[in-house]
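# Commentary on secondary and tertiary structure
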Amino acid sequence: MWIRTICKADYSSVDRLLLQLHQVDVSGRPDLFSPADHYMSRDAFETLLENQNVFAFLAQERLEAVGCCFVSLLEKHGVKTAYIDLLVVDEKHRRQGIGRALFREIQKQARKLGAKNVELMVWSYNQTAVKAYESYGMTPQRSIYEARV
């Protein structure tokens, strides 16, 4: 397996992976997420890749895309933070160290860009992701509560 920067030609592979993540959200919160044919349009994907504050990696095994991530470099209160917007590993390739390898690559790039920490948000229904992130050494930072009306 190797990890490289995502390019515009990767749209179909990345869209396939992101749709798997979207299906977890549709199953977990059908009141907020609806089934979709694409996670994002090709134009939105290309615009994201052109954003100087975003870096994105693709994990490949042979010619198959097996994981990807999109990370935004943010500055809050004068501190740079690498915020993981999306991280997904192909369901057929989970528990093989791909997510951990992507996370290490994120940390390496974040350090290079001057970030002091890496953050993300995960839905409480996605316990598979919660356990993975905790195994990477991440710890809960805060909780968001809701009341339905």
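### Things to note about the sheet that holds strand 4 (residues 79-89)
A sheet is described by the order of its strands in space; here five strands give the open sequence 1-2-3-4-5, paired in mixed fashion. Here the strands that pair on one side only, and so sit at the sheet edges, are strand 1 (2-5) and strand 5 (117-120). For this sheet the average axis-to-axis angle between neighbouring strands, irrespective of direction, equals 30°. Sheet topology note: the strand 3 (residues 64-76)/strand 4 ladder contains ten bridges and is antiparallel.

### Remarks on unusual backbone geometry
We note that Arg62 has phi near 55°; this positive angle belongs to a residue other than glycine. Here Arg62 shows up in the loop between strand 2 (54-61) and strand 3. Residue Arg95 is not a glycine yet carries a positive backbone phi of 65°. Locating Arg95 in the fold gives a position in the loop between strand 4 and helix 3 (98-112). Arg95 sits in the exposed class, given a relative accessible area of 86%.

### Points about the packing of aromatic side chains
Counted by the stated rule, this structure contains seven aromatic pairs. Considering the side-chain rings of Tyr11 and Phe45, the 5.4 Å spacing of their centres and the 65° angle between planes classify their relative orientation as edge-to-face. Remark: Phe45 occurs in helix 2 (residues 42-50) and Tyr11 occurs in helix 1 (residues 11-28); sequence separation between them is 34 residues. With respect to class, Tyr11 is no different from Phe45; both count as buried.

### Thoughts on the nonpolar core
Formed by 22 residues in total, the largest nonpolar core has its most connected members in Ala82, Ile84, Ile106 and Val118. Of all the secondary-structure elements, those providing two or more residues to this core are strand 2, strand 3, strand 4, helix 3 and helix 4 (127-135). At five residues, the largest contribution of residues to this core is made by helix 3. With sequence-adjacent residues up to four places away left out, Ala82 is seen in contact with Phe55, Val71, Ser72, Leu73, Ala110, Ala115, Asn117, Val118 and Glu119. Ranked by size, the runner-up nonpolar core spans 16 residues in total, among them Ile6, Leu17, Val54 and Leu86.

### Comments concerning the pattern of salt bridges
Summed over the entire model, instances satisfying the criterion amount to ten salt bridges. In this structure, Arg4 and Asp10 form a salt bridge, with 2.7 Å as the shortest nitrogen-oxygen distance. Its relative accessible area of 24% is what places Arg4 among the partly exposed residues. With a relative accessible area of 7%, Asp10 lands in the buried category. With a closest N to O distance of 2.7 Å, Glu50 and Lys8 form a salt bridge. Placement of the pair is Glu50 in helix 2 and Lys8 in the loop between strand 1 and helix 1, with a sequence separation of 42 residues.

Criteria and thresholds
All chains use their own residue numbering, which begins from 1 and follows the written sequence. Local features in this predicted model are restricted to residues of pLDDT 70 or higher, and side-chain atom pairs are both shown and tallied only at a pLDDT of 80 or more, whereas totals for entire chains, interfaces and linings draw on every residue. Hydrogen atoms and water are omitted, and side-chain values are computed over all heavy atoms in the structure. The pairing criterion for strands is at least two bridges between them, as found by DSSP. Only runs of H or I of at least four residues qualify as helices and only runs of E of at least two qualify as strands under DSSP, and these elements are numbered from the N terminus. Axis lines are fitted to C-alpha atoms, over the contacting stretch for helices. Their N-to-C directions set the angle, which ranges from 0 to 180 degrees. Buried means the residue's accessible area, taken with a 1.4 Å probe over protein chains only, is under 20% of the maximum for its type, while exposed means over 50%, and partly exposed covers the values in between. Pairing of aromatic rings covers Phe, Tyr and Trp, the last through its six-membered ring, and needs centres within 6.5 Å; plane angles under 30 degrees mean stacked, over 60 mean edge-to-face, and all others mean tilted. Definition used in this section: a nonpolar core is a set of buried Ala, Val, Leu, Ile, Met, Phe, Trp, Tyr and Cys residues joined via side-chain atoms within 4.5 Å. Two residues qualify as a contact provided that any one of their heavy atoms is within 4.5 Å of a heavy atom in the partner residue. Salt-bridge detection follows one rule: a side-chain nitrogen of Lys or Arg within 4 Å of a carboxyl oxygen of Asp or Glu.

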